[in-house]
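Here's the letter readout for the chains.
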Amino acid sequence: MLKRSTFFLLKERNKLENVLNKSCVNENVCFIPGIESRGFIFGPSIALAIGAKFVPLRKPNKLPGEVISENYDLEYGSDCLEMHVGAVTSGDRALVVDDLIATGGTVCAAMNLLERAGAEVVECACVIEVPVLKGRERLESRGKPLYTLVDIV
C-alpha cells in the first residue's frame, strides 16, 4: 500500500491557499463533506473560504446520535463511512474533500452516502492524486470533476 502525506502543505501558507483556490471552483456549493481524517484538515478551511458548512464523514461508531452509513471496498480491504442523519437536506450541493485519491473507492463511497441523503455532489477535490490507480477515471465516469494539486507517479 502506498502512503503519502499532505502535511508538507501546512508548513507554507501559499501552498494551503493553492489548495483552496484550486478546489473552490463552483460557487453554488453549500457544504463541504470532509472524509476522515485528513479531509478534516482541508475541508473546514475550504468551507470557511466559500461560506459553506462543513460535514464530517467519519469511520464507524465515532459520531453521536443517529447516522447513516456506506460500506465500501478498498484495494486492501473494506471500510465504512458514517454521517449524521439530517446533516444535509435534499438538493444541497457538495464539494467532497479528501487528502488523497488512489482508486477512488473512498470518494465514491462518500458520494454514494451523500446522494442517498438527497445531496447533489457537484465536484471533488483531493490534494494528492495517484494517477496510475485511475481514481479520476472512476469519478469522471460518474460525471464528477476532480481537482487535485499534486500528482504522485
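Residues numbered from 1 in each chain as written. Predicted model: local features only at pLDDT ≥ 70, side-chain atom pairs only at ≥ 80, totals over all residues. Heavy atoms only, no water.

S.K.: Report on helix α3 (residues 105–116), specifying residues and quantitative values.
M.R.: The first and last C-alpha atoms of α3 sit 16 Å apart over 12 residues, in line with the 16 Å expected at 1.5 Å per residue. With nine of its 12 residues buried, α3 lies for the most part within the structure. Backbone geometry just downstream of α3 places Gly118 in the positive-phi region, at approximately 100°. (Helix = DSSP H or I, 4+ residues; strand = E, 2+ residues; numbered from the N terminus. Expected span 1.5 Å × (residues − 1). Buried < 20%, exposed > 50% of the residue type's maximum accessible area, 1.4 Å probe, protein only.)

S.K.: I'd love a proper account of the pattern of salt bridges, names of residues and values included.
M.R.: For the structure shown, the criterion picks out 11 salt bridges. For Arg116, the salt bridge is made with Glu70, and the minimal N-O distance between the two is 2.6 Å. You can see Arg116 sitting in helix α3 and its partner Glu70 sitting in strand β3 (residues 67–74), a full 46 residues away along the chain. The exposure class assigned to Arg116 is exposed, which follows from its relative accessible area of 51%. Sharing partners across several salt bridges, the network here consists of Glu36, Arg58 and Lys62. (Salt bridge = Lys/Arg side-chain N within 4 Å of Asp/Glu carboxyl O.)

S.K.: Let's hear about unusual backbone geometry: which residues, and what values?
M.R.: For residues besides glycine, phi is generally negative; the peptide bonds are generally trans as well. The linkage connecting Glu36 with the following residue, Ser37, adopts the cis geometry, with an omega of -5°. By secondary structure assignment, the location of Ser37 is in the loop between β1 (31–35) and α2 (39–50). The phi dihedral of Asn61 is positive, around 65°, even though this residue is not glycine. Along the chain, Asn61 turns up in the loop between β2 (53–57) and β3.

That is the geometry; function is a separate question.
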